[in-house]
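Spelled out from the first residue to the last, the chains are:
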Amino acid sequence: MIRVRDLRYRYADSGPVLNGIDFDLKAGESTALLGSNGSGKTTFALHLNGILQGEGEVEVATIRVTTATLEEVRRKVGFVFQSSENQLFLPTVLEDVMFGLLNQGVPAEQARSRAMEMLERLHLASYANRNPFHLSAGEKRRAAIAGVLVMSPEVLILDEPTTFLDPPGIRELAAMLNQLPMAKLIITHDSRFAIDTTTRASFFDKGRILADGPTRDIIQRFDWF
Ligand SMILES: Nc1ncnc2c1ncn2[C@@H]1O[C@H](COP(=O)(O)OP(=O)(O)O)[C@@H](O)[C@H]1O
Ligand SMILES: [Mg+2]
């Protein structure tokens, strides 16, 4: 589902941030990205839907990610950003969840019913007409996830999705993710959440993947509790 070879990237004002990343994710597989702050996890993930484009090969669902394929790639890759504020910008939760569908040309009535269905699945139906900015951080996160899931992506990327969630909220999110059939890439510092939601993990260090393997083994090997 994802194939990356020798990916290298530096920001305009930074030294090298990705130093030759090789990475594979199979259909339906769920992998965690672990590693210190600043090791390049977010920068790497942003290449998978073409927000950033470095040197090397990035393929999603057999499509090479380039400027020419961005639209197609973004239909396949759902990205839940670390900060939900970057994802919610309309006056109501329902409109935010409908936004991507409308953008894809789905008729308004159909977009509305699909969005409501997704809000119900995430226990957010009663928030449909609320202003996203007035929700708690955990509710904002769920609303942002609803807006991504409603697009039926083939790959779901979540960047530190447990930030601001309380322990029951984290467990609920894990249970919800485990019911989703698509391939998932989960960036997290929460080792228990990683174990609960993924079978494999890749450990990032200074823009390289030091090791990958079963999530528990990687956590143990790097003492990442
Ligand atoms: N927009 C940016 N401009 C310049 N440097 C950046 C930018 N975003 C991240 N970096 C740098 O790239 C490195 C990797 O950051 P990041 O990918 O966010 O790491 P992680 O997600 O693992 O914490 C860090 O040194 C960070 O300072
Ligand atoms: Mg990050």
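These notes cover the structure that comes with them.

Parameters and conventions
- Residues numbered from 1 in each chain as written.
- Chains lettered and ligands numbered in written order.
- Predicted model: local features only at pLDDT ≥ 70, side-chain atom pairs only at ≥ 80, totals over all residues.
- Helix = DSSP H or I, 4+ residues; strand = E, 2+ residues; numbered from the N terminus.
- Rg over C-alpha atoms; globule rule 2.2 N^0.38 Å.
- Buried ≥ 20, exposed ≤ 12 C-beta atoms within 10 Å, placed from the backbone.
- Pairing = 2+ DSSP bridges.
- Near = placed C-beta within 6 Å.
- Nonpolar A, V, L, I, M, F, W, Y, C, P; charged D, E, K, R; others polar.
- Expected span 1.5 Å × (residues − 1).
- Arc of directions from axis to C-beta.
- Axes fitted to C-alpha atoms, helices over the stretch in contact; angles between N-to-C directions.
- Contact = placed C-beta atoms within 7 Å.

It is worth spelling out the overall build of the protein chain at this point. The secondary structure content of the protein chain amounts to eight helices and 10 strands. The C-alpha radius of gyration of the protein chain comes to 17 Å, within 12% of the 17 Å expected for a compact globule of 225 residues. If one aligns the C-alpha atoms of the protein chain with their principal axes, the spans along those axes are about 45 × 40 × 35 Å. Out of the 225 residues in the protein chain, the part that is buried amounts to 42%.

It is worth spelling out the pairing of strand 1 (residues 2-10) at this point. Each regular strand shows side chains that alternate between the opposite faces of the sheet. Both strand 1 and strand 2 (residues 16-25) contribute to a ladder of seven bridges, which runs antiparallel. For Ile2, the partnering residue across the bridge sits in strand 2 and is Leu25. The turn joining strand 1 and strand 2, which pair antiparallel and follow one another in sequence, is formed by five residues.

Glancing now at the site of ligand 1. Of all residues adjacent to ligand 1, which total 13 residues, the nearest are Tyr11, Gly38, Lys41, Thr42 and Thr43. At three residues, helix 1 (residues 41-47) tops the list of elements feeding residues into the shell around ligand 1. Counted by class, the shell around ligand 1 contains three nonpolar, eight polar and two charged residues.

The end-to-end C-alpha distance of helix 4 (residues 108-121) is 20 Å, a good match for the 20 Å that 14 residues give at a rise of 1.5 Å each. Among the residues of helix 4, Ala111, Ala115, Met118 and Leu119 are the ones counted as buried. Looking straight down helix 4, one finds its buried side chains confined to an arc of 100 degrees; they lie on one side. Residues of helix 4 that are exposed and point over 90 degrees away from its buried face: Glu109, Gln110 and Ser113. One or two positions beyond helix 4, positive phi appears at His123, with a value near 55 degrees.

Taking strand neighbours across the sheet as the criterion, the six strands line up as 6-7-8-3-9-10 in an open arrangement whose pairing is mixed. Pairing within the sheet leaves two strands with one partner each, and these edge strands are strand 6 (77-80) and strand 10 (208-214). This sheet shows a mean twist of 15 degrees between the axes of neighbouring strands, independent of strand direction. In terms of strand pairing, strand 6 meets strand 7 (residues 155-159) through four bridges, oriented parallel. Across the sheet, the residue bridging to Phe79 is Ile157, located in strand 7. This element, helix 5 (residues 137-149), spans strand 6 and strand 7 of the sheet and lies at about 170 degrees to strand 6.

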